[in-house]
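Read off the chains here:
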Amino acid sequence: MNPGDTQRRPWIVGVSGASGTPYAAAALRALLAAGESVDLVVSRASRLTLLDETGISFRDAHWRDDLSAWLSRGADGKPGTFDVRPESLDGVRYWAAGDLAAGPSSGSYATKGMLIVPASTACVAGVALGLSKDLLQRSASVTLKEGRRLVVCVRETPLNGQTLKHLVSLDEAGAIVLPASPAFYAGATHIQDLVDFVAGRVLDAAGVPHGLYRRWEGELGSGSGGGSGSRGD
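Just so you know, these numbers come straight off a predicted model, no measurement behind them.

Novice: What exactly am I supposed to notice about helix 1 (residues 21-33) here?
Specialist: Residues spaced three or four apart along an α-helix face the same direction, because each turn holds 3.6 residues. Over its 13 residues, helix 1 runs 18 Å from end to end, which matches the ideal 18 Å to within 8%, given 1.5 Å per residue. In terms of burial, helix 1 is largely enclosed, as 11 of its 13 residues are buried. In the stretch just after helix 1, Gly35 is the one whose phi turns positive, near 80°.

Shown next as structure tokens:
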């Protein structure tokens with residue numbers, strides 16, 4: 001690297017097999033809009049979910065085309081909802097889930113941290129137990145051991161006792177456990193608004209600026225639904 005050059009430091013975004021691929025798409029669009037670099041890892045199981053929820057087959061050899069098609073879809077599945085130009089993906093580097101020699105598998109590979117959106121219970125268990133069975137889990141383990149920020153957007157209900165224990169273990173290891181729980185005080189009128197709220201909270205946890213949802217400002221009735229929705233007992 002030449003003097004004065006800035007080393008690329010991406011956010012790793014891991015997409016597991018849980019339902020909720022629109023959450024991942026919203027987070028990815030917002031990261032790129034904020035000028036952030038992204039290293040993308042799409043698990044094998046998530047490809048099945050993506051195919052089921054969007055009709056898109058995500059292929060290693062054609063990942064740019066498939067990612068563009070995915071990010072252009074709205075949360076309701078409608079194609080062309082978002083304008084995703086080819087150059088907007090220049091900040092993305094894709095790593096195959098089976099590539100355990102990839103950059104994010106090493107702590108010496110510089111990153112800002114990792115977002116797992118959405119995180120399945122199987123993914124949560126694998127990361128909590130340090131299994132590193134694929135690049136997504138290995139990248140999360142590396143993120144934890146290097147003391148970098150790890151946001152785990154778990155998407156499952158109900159949660160059994162074993163998963164709750166795994167989530168506590170992740171919290172104790174320094175991860176931010178962020179359930180995919182949309183709120184209604186921001187005046188949501190469309191499914192995309194609810195998706196964007198969760199994606200926005202993920203980016204809040206990562207410290208990345210965005211404009212995905214209207215923030216609570218302490219004024220009752222400022223949203224279409226009324227107050228903050230969290231006034232205690």
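Novice: Would you explain the confidence of the model for the protein chain in this entry?
Specialist: Should the pLDDT be low somewhere, the predicted coordinates at that spot are not to be read in detail. A residue-level look at the protein chain finds 92% of positions with pLDDT of 70 or above and a mean pLDDT of 93. Note that residues 1-5 has pLDDT below 50 and, in this model, 2 contacts with residues that lie over four places away or in other chains. Here residues 226-233 scores under 50 on pLDDT; set against residues more than four positions off or in separate chains, the count is 11 contacts.

Novice: Looking at this structure, how should I read the side chain of His166?
Specialist: Summarising the element assignment, His166 is placed in helix 6 (residues 161-173). Judged by relative accessible area, which is 11%, His166 ranks as buried. Non-local contacts of His166, meaning those with residues more than four positions away in its chain, are made with Val124, Ala125, Ala128 and Leu129.

What counts and how
- Residues numbered from 1 in each chain as written.
- Predicted model: local features only at pLDDT ≥ 70, side-chain atom pairs only at ≥ 80, totals over all residues.
- Heavy atoms only, no water.
- Helix = DSSP H or I, 4+ residues; strand = E, 2+ residues; numbered from the N terminus.
- Expected span 1.5 Å × (residues − 1).
- Buried < 20%, exposed > 50% of the residue type's maximum accessible area, 1.4 Å probe, protein only.
- pLDDT = per-residue confidence, 0-100.
- Contact = heavy atoms within 4.5 Å.

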